[in-house]
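Each chain, written out:
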Amino acid sequence: MDSAVERLMQIAIDATEHAYIPYSEYPVGAALRAVDGVVFSGCNIENAAYPSTICAERVALVKAVSEGRRAFDLLVVVTRDGGSPCGTCRQMLYEFAPDLRVVFGDMNGQVMFDGPLSDLLPYGFGPSNLDK
Ligand code: THU
């Protein structure tokens, strides 16, 4: 594992400490690096109205965008079993970073996937479809 991934993995693991997960009890942590090098963390935040839950990846993304970043080069996601980012998160990330490097794995450092977002969302629909 390269040092950037190792660093973001630790940030993602630390972020799971803040996960608000009374319903699933399934912590997720994310660390998203903007191209200027700033890293934004995220954890999942659940809600009694279940669909209002927001995933860790999107928390990291909306934090970053709301603080002026729109270009990203690395995302690391951790769960207890190495679960992969959901479809909604893939789509929202694709909007800003179709070439994003995504790494996901478990909290012991085992990597399940390390590759481009476009492998996780083939034929993704994005801004270019709307000529943006
Ligand atoms: N979850 C994430 O945070 N990211 C994903 O990409 C998959 C699912 C969260 C949402 C919910 O809090 C819990 O995992 C179980 O679905």
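Structural data are supplied above this passage.
**Q** Where do I start with the overall build of the chain in this structure?
**A** From N to C terminus, the chain includes four helices and five strands. Order of helices (α) and strands (β) in the chain, N terminus to C terminus: α-β-β-α-β-α-β-β-α. For the chain, the C-alpha radius of gyration of 14 Å lies close to 14 Å, the compact-globule estimate for 132 residues. Referenced to the eigenvectors of the C-alpha coordinate spread, the extents of the chain come out at roughly 40 × 40 × 30 Å. In the chain, buried positions account for 43% of the 132 residues. Counting contacts in the chain only where the partners sit at least 6 residues apart, residues at least 24 apart contribute 61% of the total. If you sum the accessible surface of the chain, you get close to 7000 Å²; carbon and sulfur atoms cover 51% of it. Charged side chains in the chain number 10 positive and 17 negative. The centres of these two groups are separated by 6 Å.

**Q** How should I be thinking about the side chain of Glu 57 in this particular structure?
**A** Its place among the elements puts Glu 57 in helix α2 (residues 56-66). No salt bridge is formed by the buried Glu 57. Its closest oppositely charged neighbour is Arg 58, at 6.4 Å. Discounting chain neighbours no more than four positions away, the residues touching Glu 57 are Val 28, Ala 30, Leu 75, Val 77, Pro 85, Cys 86 and Cys 89.

**Q** Looking at this structure, I do not really get a nonpolar patch on the surface. What am I missing?
**A** A surface patch of nonpolar side chains, amounting to about 440 Å² of accessible area, comprises Tyr 20, Tyr 23, Ile 45 and Tyr 50. Its place among the elements puts Tyr 50 in the loop between β2 (39-43) and α2.

Rules behind the numbers
Residues numbered from 1 in each chain as written. Predicted model: local features only at pLDDT ≥ 70, side-chain atom pairs only at ≥ 80, totals over all residues. Heavy atoms only, no water. Helix = DSSP H or I, 4+ residues; strand = E, 2+ residues; numbered from the N terminus. Rg over C-alpha atoms; globule rule 2.2 N^0.38 Å. Buried < 20%, exposed > 50% of the residue type's maximum accessible area, 1.4 Å probe, protein only. Contact = heavy atoms within 4.5 Å. Areas by Shrake-Rupley, 256 points an atom, 1.4 Å probe, with all protein chains shown as cover. Lys, Arg positive; Asp, Glu negative; His and termini not counted. Charge placed at Lys NZ, Arg CZ, Asp CG, Glu CD. Salt bridge = Lys/Arg side-chain N within 4 Å of Asp/Glu carboxyl O. Patch = residues over 30% accessible without salt bridge, like charges linked within 9 Å, V, L, I, M, F, W, Y side chains within 5 Å.

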